[in-house]
Amino acid sequence: MEQIKNVKGTHDIFGEENNAYESVESLMKSIAEMYAYNGVRPPVLEYNSVFVRGVGEGSDIVRKEMYTFPDKGDRLLTLRPEFTAGIMRLVVQNKLYATSELPIKLYYLGPVFRYERPQLGRYRQFNQFGVESIGNNSPINDVEVIALAYTILVSLGLENVTIKINTLGDEASRENYRKALREYFKDHIENMCEDCKSRYELNPLRILDCKVPEDRPIIDKAPLIGDYLSEPSKIRFEQVQDALSTLQIPYEIDEGLVRGLDYYSETVFEFHYTSKAGVDYGAIGAGGHYGKLMLELGGPELPGVGFSFGIERIVSVLKDDGLLEDIKPSLDAYIMPLGDESLLVGEEIAVLLRNSGGYRVDICFDKTKLGNMFKRATNKNAKFAVIIGEEEIKNDSVIVKNLATQEQLSVKIDDLIEKFDELFSEEETQE
Ligand code: HAM
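Reading the values: rules and limits
Residues numbered from 1 in each chain as written. Predicted model: local features only at pLDDT ≥ 70, side-chain atom pairs only at ≥ 80, totals over all residues. Heavy atoms only, no water. Near = heavy atom within 4 Å. Polar contact = N/O pair within 3.5 Å; in protein donor to acceptor, adjacent residues only side chain to side chain. Areas by Shrake-Rupley, 256 points an atom, 1.4 Å probe, with all protein chains shown as cover. Axes fitted to C-alpha atoms, helices over the stretch in contact; angles between N-to-C directions. Helix = DSSP H or I, 4+ residues; strand = E, 2+ residues; numbered from the N terminus. Parallel < 35°, antiparallel > 145°, perpendicular 65-115°, else oblique. Left-handed = near helix turned anticlockwise from the far one by under 90°. Contact = heavy atoms within 4.5 Å. Core = buried A, V, L, I, M, F, W, Y, C linked by side-chain atoms within 4.5 Å. Buried < 20%, exposed > 50% of the residue type's maximum accessible area, 1.4 Å probe, protein only. Pairing = 2+ DSSP bridges. 1 Å grid on protein atoms, 1.4 Å probe; cavity = no way out; pocket = protein on both sides within 12 Å on 5 of 7 lines; lining within 4 Å. Points joined across faces, edges and corners; volume = space filled by probe spheres on them. Nonpolar A, V, L, I, M, F, W, Y, C, P; charged D, E, K, R; others polar. Domains from an automatic or database assignment. Salt bridge = Lys/Arg side-chain N within 4 Å of Asp/Glu carboxyl O.

**Section: the site of the ligand**
Taken together, 27 residues form the shell around the ligand, and within it E82, T84, E116, R259 and Y264 come nearest. R259 is positioned with one of its side-chain polar atoms (N or O) 2.8 Å from an oxygen atom of the ligand. A distance of 3.3 Å separates an oxygen atom of the ligand from a polar atom in the backbone of G285. Coverage of the ligand by the protein chains reaches 96% of its 670 Å² of free accessible surface.

Written as structure tokens, this is what we have:
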């Protein structure tokens, strides 16, 4: 029978690659928790209006990239193309904002869907990790969010990240800017692409996202938001820059950075990375401040700020730059039963070490040569081998071998947890 393949733009994640995803995601979660964020899991399916209102009718995402369909009850549903609007719907519906202390700090992780042209680092189903800090308008809060993202990237080993920042100003600044853009594009729009023509009507700011090469020379000469900022927005952006400098977070101002989603106001930012081999993955993450999103979704007017990382792009750059080894999960012990009888004893020991000792343990189930087992232990990044042969079974003992130093010793099964605790605390002091 003909084989069925995966859907275009999706990808299977398994084996080593899955390990990389797990490690990257658990590091992201643990750093978000360090910054006092709590996890949330909004549904993948939302009513279409969440994104039409949230991300904006003029955005490429809403106009061209959403998986939207009527369900059997003729309700228009959308597979989330991003998290932020759905998170805000969750916060409004569950009144999470009715709390004694704002901001509410939430992190999330999961698949998102965009009908884009698949290419390097661009999928139709991909994974995002991100955070939203909702209910505080301080520029320092914007900077805390950038600091969190930067800490994650540095902890992953990605030190040469370029942080691009800009401001879109407040409502008044953007209104002035939209007027200026309409004025500027008035004489050009007839000769520009069909998309730009409708962007001109819906939101001229979105013309700046156009990628049609023939339109770019005109767009590149368009006015910049910086010249239309209100006084409070100018001051706010200076405060953001001062705080970034105080926290020693390197950044570049990119006056052309406007982001492709309509909900942004004031601070916007993107994290760019070019691998050592010179492959430019574009933005591995991005985010910004939003003033009116909660209002758009029927809640009170509380601002927020957040970012999302593209996990696929981050795993790719880590792979390209040989940084995955450093975050590869390791085993504390690999159990090597020699002969038929020792398999059950080995399993007992594996369960003991896992359940009573909290150690990460795997066991070799098939009959293979000892040399092979050692190779497997090395591949699994195991710290210790636990060898069980006939002699050991007779003596109720096992051989514990340190795979780094090759030192080995015989340990009674009854003393095994105690011995492991001792060996691991020695390891920690040496590190
Ligand atoms: P975004 O810039 O649309 O922002 O997406 C964030 C990140 O997702 C991008 O920087 C990129 O790494 C990754 N990404 C986007 N499209 C694709 C794709 N087709 N394939 C693979 N990776 C992709 C947002 O989604 C906002 N919700 C960010 C945010 C959070 N703003 C405030 N809070």
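There is more to say after this.
**Points about the packing of helix 5 (residues 139-155) against helix 9 (residues 231-246)**
Where helix 5 meets helix 9, the axes come as close as 9 Å, and the angle between the chain directions of the two elements is 45°. With respect to each other, helix 5 and helix 9 are oriented oblique. For the element pair helix 5 and helix 9, the recorded crossing hand is right-handed. Contacts between helix 5 and helix 9 pair P139, I140, D142, V143 and I146 from the former with R236, Q239, V240, A243 and L244 from the latter.

**Examining the nonpolar core**
Ranked by internal contacts, the top residues of the largest apolar core, which has 49 residues, are I87, V91, I134, F185, M192, I207 and L208. A total of 6 residues in this core trace back to one element, the largest contributor, which is helix 4 (residues 84-93). Core analysis: the second largest hydrophobic core is formed by 45 residues, A149, I163, I165 and A243 among them.

**Points about the sheet that holds strand 8 (residues 252-253)**
One open sheet accounts for 8 strands, arranged 1-5-6-11-10-9-7-8; its pairing is mixed. Unpaired on one side and paired on the other, strand 1 (38-39) and strand 8 mark the two borders of the sheet. With 7 bridges joining them, strand 9 (residues 264-274) and strand 10 (residues 280-290) adopt antiparallel strand pairing. Directly across from F269, in strand 10, lies its bridge partner G287. Relative to strand 11 (residues 304-310), helix 5 is tilted by about 20°, and along the sheet it contacts strand 5 (104-113), strand 6 (125-134), strand 7 (162-167), strand 9, strand 10 and strand 11.

**Focus on the layout of surface pockets**
In this structure, the second largest pocket encloses a volume near 440 Å³. Together, 25 residues line the second largest pocket, and R178, N203, D262, Y263 and E296 are the ones closest to its centre. If you list the elements that add at least two residues to the lining of the second largest pocket, you get helix 2 (48-54), helix 6 (171-185), strand 9 and helix 10 (293-296). Among the residues making up the lining of the second largest pocket, the classes are represented as 9 nonpolar, 6 polar and 10 charged.

**Thoughts on the domain arrangement of the chain**
We note that the domain assignment places domain 1 (15-170 + 230-320) and domain 2 (331-423) within the chain. Here domain 1 and domain 2 have C-alpha centroids that lie 44 Å from each other.

**Description of the environment of F374**
Topologically, F374 is positioned in helix 13 (residues 370-379). Filtering out sequence-adjacent residues up to four positions away, F374 remains in contact with M336, A385, I387, K401 and L403.

**Section: the environment of E183**
By the element assignment, E183 lies in helix 6. Considered as a pair, E183 and D414 are 231 residues apart in the sequence and their alpha carbons are 82 Å apart.

**Describing the pairing of strand 11**
Extensive coverage of strand 11 is indicated by the burial of 7 of its 7 residues. Of the two faces of strand 11, the one lined by G304, G306, S308 and G310 and the one lined by V305, F307 and F309 are each fully buried. The pairing of strand 6 with strand 11 spans 7 bridges and is classified as antiparallel. Bridge pairing in strand 11 places E132 opposite G306. Judged from the 6 bridges that link them, strand 10 and strand 11 form a sheet pairing that is antiparallel. The partner of G288 across the bridge, within strand 11, is G306.

**Brief notes about unusual backbone geometry**
With the exception of glycine, most residues fall at negative phi, and the peptide bonds are largely trans. Following L102, the chain continues to P103 via a peptide bond in cis, the omega torsion being 5°. By the element assignment, P103 lies in the loop between helix 4 and strand 5. The backbone of Q248 sits at a positive phi, close to 55°, despite the residue not being glycine. Phi angles above zero are rare outside glycine, and E266 is one such case at about 55°.

**Here we look at the pattern of salt bridges**
Considering all chains together, one arrives at 27 salt bridges under this definition. Ionic pairing is found between R89 and E46, a salt bridge with its closest N-O pair at 2.8 Å. On the criterion of sequence distance, the pair formed by R89 in helix 4 and E46 in strand 2 (residues 45-47) is long-range, its members being 43 residues apart. Across the pair, exposure class does not vary: R89 and E46 are buried alike. What you see here is one network of salt bridges that share partners, running through E171, R174, E175 and R178.

**Describing the sheet that holds strand 3 (residues 67-70)**
Strands sit in the order 2-4-3 across an open sheet of 3 strands; the sheet is antiparallel. Each edge of the open sheet is held by one strand with a lone partner, namely strand 2 and strand 3. Sheet twist, expressed as the mean angle between neighbouring strand axes with direction ignored, is 35°. In terms of strand pairing, strand 2 meets strand 4 (residues 76-79) through 3 bridges, oriented antiparallel. In the sheet register, L45 faces strand 4, and the bridge partner there is L79.

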